[in-house]
Amino acid sequence: MTTQQTLPRIAAIRPALSGVWIALFSSAVFGLSGSFAKPLLESGWTSGAAVGARMAGAAVVLIIPTVFVLRGRWGSVAANWRPILLFGVFGVGICQFAYFQAVERLSVGVALLLEYLAPVLIVLALWVRSKRRPARLTIAGTLLSVVGLVLVLNLTGAQRVDLVGVLWGLGAAVGLAVYFFVTAKANASLPPLVLATGGLLVGAVLMFLLGATRLLPMRASFGDVRFAGFDAPWWAVLGALVVVSTVLAYVTGIMAARALGTKMASFVSLTEVLFAVLWAWLLLGELPAGIQLVGGVLIVGGVLLVRADELRGTLAGPRDRRRA
């Protein structure tokens, strides 16, 4: 391969590397959501009320900048109603509601680990759709990540794993897989901010409709909650959940998915598991066991293998990959 061929390909990697940093930031702030939500749930909030308030509050925060970005181009919203609807129903509503339901029955780390089986589902879906077996590094990274997930679940430990909670966690995984498929599609007519706002509005409406029909319990408590060892106002914890773990998390998550693609973005997002366990330890006192830390290392190793596969494909180019 000549230098003239190599330099453009290396230059093409740089946006993806910036996408990795954005994805890591998104994972860090997404990882705080369980720690912010759990004190609300323990003080009397139902999952439906917490998710509905989270989505509605974030949509309100984003509506003014979204109107500014659109500058009257409302036709682009109408033209993209399908991805907005899919994003809102599955990537926002079902994913977050199922996750919070899991958090009520499991620890934050375990619930998030089940949700983040989504990258495995994505690899399988891409395999079925393309009818082409994934590359060896992707398969190895997937298996390594699954082993890491099993270790962090610590199924042989003293903690009892609630079956219903596990099923809710798997439901969140399906919603998250749809989230990555929708957000990774490049669409110049649908900026990330607009997709995030539309999806959050759809998710909030879905939650409140289920509440209005009494299919979903909607209860909230407005006293102080116990957070990080202190009594905090409910509105302060909810505000942090809305601004930090929803507004920042969703907008940067969409940006990262578009920069990295469905598969790579989903694997980098596995680091949210590590951030969530870290935040739960620091803020809620949920100390991870040693075997869970080993599992975390394996998850990171799996992410690195998949990333290496992506970089190898970028550097090889279509012609070299046909030779391989």
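Residues numbered from 1 in each chain as written. Predicted model: local features only at pLDDT ≥ 70, side-chain atom pairs only at ≥ 80, totals over all residues. Heavy atoms only, no water.

*Asks:* So what exactly am I meant to see when it comes to the nonpolar core here?
*Replies:* By size, the foremost hydrophobic cluster in this structure holds 83 residues, and its most contacted members are Phe87, Leu200 and Tyr250. Residue contributions to this core peak at 13 residues, all from helix α11 (residues 234–260). Aside from chain neighbours lying at most four places away, what touches Phe87 is Val92, Tyr179, Val182, Thr183, Leu195, Ala196, Gly199, Tyr250 and Ile254. (Core = buried A, V, L, I, M, F, W, Y, C linked by side-chain atoms within 4.5 Å. Buried < 20%, exposed > 50% of the residue type's maximum accessible area, 1.4 Å probe, protein only. Helix = DSSP H or I, 4+ residues; strand = E, 2+ residues; numbered from the N terminus. Contact = heavy atoms within 4.5 Å.)

*Asks:* How do you make sense of the confidence of the model for the protein chain when you look at a structure like this?
*Replies:* Low-pLDDT portions of the prediction should not be read for the details of their coordinates. Averaged over all residues, the pLDDT of the protein chain equals 78, while 85% of them reach at least 70. Contacts of residues 1–13 to residues separated by more than four positions or lying in other chains number 15 contacts, the stretch itself having pLDDT below 50. Segment residues 318–324: pLDDT under 50, and 4 contacts once partners within four positions in sequence are set aside and those in other chains are kept. (pLDDT = per-residue confidence, 0-100.)

*Asks:* For this particular structure, what's the right way to read the packing of helix α3 (residues 47–70) against helix α5 (residues 81–105)?
*Replies:* Working note: a packed helix pair is described by the angle between its axes plus the distance between those axes. One way to put it is that α3 packs onto α5 with a least axis distance of 9 Å and a crossing angle of 140°. The angle between α3 and α5 places the two elements in the oblique class. The chirality of how α3 crosses α5 is right-handed. The residues of α5 that touch α3, namely those facing Ser47, Gly48, Ala50, Val51, Arg54 and Met55, are Val92, Gln96, Phe97, Phe100, Gln101 and Glu104. Of the residues assigned to the contact of α3 with α5, the class counts are 6 nonpolar, 4 polar and 2 charged. (Axes fitted to C-alpha atoms, helices over the stretch in contact; angles between N-to-C directions. Parallel < 35°, antiparallel > 145°, perpendicular 65-115°, else oblique. Left-handed = near helix turned anticlockwise from the far one by under 90°. Nonpolar A, V, L, I, M, F, W, Y, C, P; charged D, E, K, R; others polar.)

*Asks:* Explain a nonpolar patch on the surface to me, please; I cannot follow it from the model alone.
*Replies:* Together, Ile63, Ile64, Val67, Trp74 and Leu201 make up a nonpolar patch on the protein surface, roughly 480 Å² of accessible area in all. Here the element with the most residues in the nonpolar patch is α3; it accounts for 3 residues. Looking at the element boundaries, Val67 is found in helix α3. (Patch = residues over 30% accessible without salt bridge, like charges linked within 9 Å, V, L, I, M, F, W, Y side chains within 5 Å. Areas by Shrake-Rupley, 256 points an atom, 1.4 Å probe, with all protein chains shown as cover. Salt bridge = Lys/Arg side-chain N within 4 Å of Asp/Glu carboxyl O.)

*Asks:* What is the right way to look at the environment of Ala58 in this model?
*Replies:* Position of Ala58 among the secondary structure elements: in helix α3. Linking Ala58 and Tyr250, residues 192 residues apart in sequence, is a C-alpha distance of 9.6 Å. Residue contacts for Ala58: discarding those within four places in its chain leaves Leu200, Val242, Thr246 and Val247.

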